Structure formats: C-alpha cells, structure tokens
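# Descriptive structure summary
Chain by chain, the residues run as shown.
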Amino acid sequence: VRVEGAVGHIELLAVSPEMRGKGVGRRLLDVAELLCRAEDCASVRLWLRSDEPDLQQACERLGYHPRTAAPANEGAIALEKGLISGGYAEAIPA
C-alpha cells in the first residue's frame, strides 16, 4: 500500500491460482484497507489489469467503483472505495 495524500493505492495484490475463490484476496484487501484507515486515508484506489473483468466485478461487489480518470498506465483500470463517512467516494457500510 502506498499513501498519497488522502488516498491509499493498492498497486499489486496477487493470489495464486490454487487459492482463488477461497477468500484470500478479500482478506488481503481487508488488511490493505485497514492500513489505509490507519494512515487516515479518505479512500483507497485499487489498480487492476484491464483484461480481468471477473476480478473487476468481484471488487465492485466489495464496494469499489470504477474511476473516470484515465489510468496511470495502459492495460490497467482504477477502482476506488471510500473509507470514511463524508469522504469524496462512497463510504463503507457499517
């Protein structure tokens, strides 16, 4: 996790193929979000490869929303999730 101002960035999160579908990725995201909260981030931005629509949909189910701004690198998309009430992204449900 890299913190830039009020935004935490998750740029690399990988789960081995044999561990997929077992909740490992979700737990890793939970820990990354906790780290961002500890740094007083208002939101967390997750970068995904653009050729993994199933992964994007799974992240959207966890409260991440596509960003409209162009990604920093080609072949990647950015999703963002608010971490605090009143943040500039949607807040996490209690």
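Above: the structure in question.
These remarks concern the structure in this document. (Residues numbered from 1 in each chain as written. Predicted model: local features only at pLDDT ≥ 70, side-chain atom pairs only at ≥ 80, totals over all residues. Heavy atoms only, no water.)

To continue, consider the layout of surface pockets. In this model, the largest pocket occupies a volume close to 750 Å³. If you go around the largest pocket, you meet 27 residues; those closest to its centre are L13, V15, L48, E52 and L55. Among the elements of the structure, α1 (24–38), β3 (43–49) and α2 (53–61) are those that each provide at least two residues to the lining of the largest pocket. Of the residues in the lining of the largest pocket, the class split is 16 nonpolar, four polar and seven charged. (1 Å grid on protein atoms, 1.4 Å probe; cavity = no way out; pocket = protein on both sides within 12 Å on 5 of 7 lines; lining within 4 Å. Points joined across faces, edges and corners; volume = space filled by probe spheres on them. Helix = DSSP H or I, 4+ residues; strand = E, 2+ residues; numbered from the N terminus. Nonpolar A, V, L, I, M, F, W, Y, C, P; charged D, E, K, R; others polar.)

With that out of the way, let us pick up the pattern of salt bridges. In the structure shown here, the tally under the stated rule is seven salt bridges. Its salt-bridge partner being R45, residue E80 comes within 2.9 Å of it at the nearest N-O pair. Taken together, the positions of E80 in strand β5 (residues 76–82) and R45 in strand β3 put the pair 35 residues apart, joining distant regions of the chain. In this pair, the class of E80 matches that of R45, namely buried. (Salt bridge = Lys/Arg side-chain N within 4 Å of Asp/Glu carboxyl O. Buried < 20%, exposed > 50% of the residue type's maximum accessible area, 1.4 Å probe, protein only.)

A few words now on the environment of G5. Summarising the element assignment, G5 is placed in the loop between β1 (2–4) and β2 (7–10). Given the relative accessible area of 67%, G5 is considered exposed. Taking the C-alpha atoms as reference points, G5 and A42, 37 residues apart in sequence, are found 9.1 Å from one another.

On to the pairing of β2. Residue alternation in β2 divides its side chains into two sets, V7 and H9 and G8 and I10, and both sets are buried. Relative to β2, β1 runs antiparallel, the two sharing three bridges. Residue V3 lies in a different strand from β2, and its bridge partner there is G8. Here β1 folds back onto β2, and the loop between the two strands holds two residues, one of which, G5, carries a positive phi near 65°. Sheet topology places β2 next to β3; four bridges connect them, and they run parallel. Within β3, the residue paired with I10 across the bridge is L46. Remark: the β2/α1/β3 crossover connection has right-handed handedness. (Pairing = 2+ DSSP bridges. Right-handed = clockwise from strand over helix to strand, strands pointing away.)

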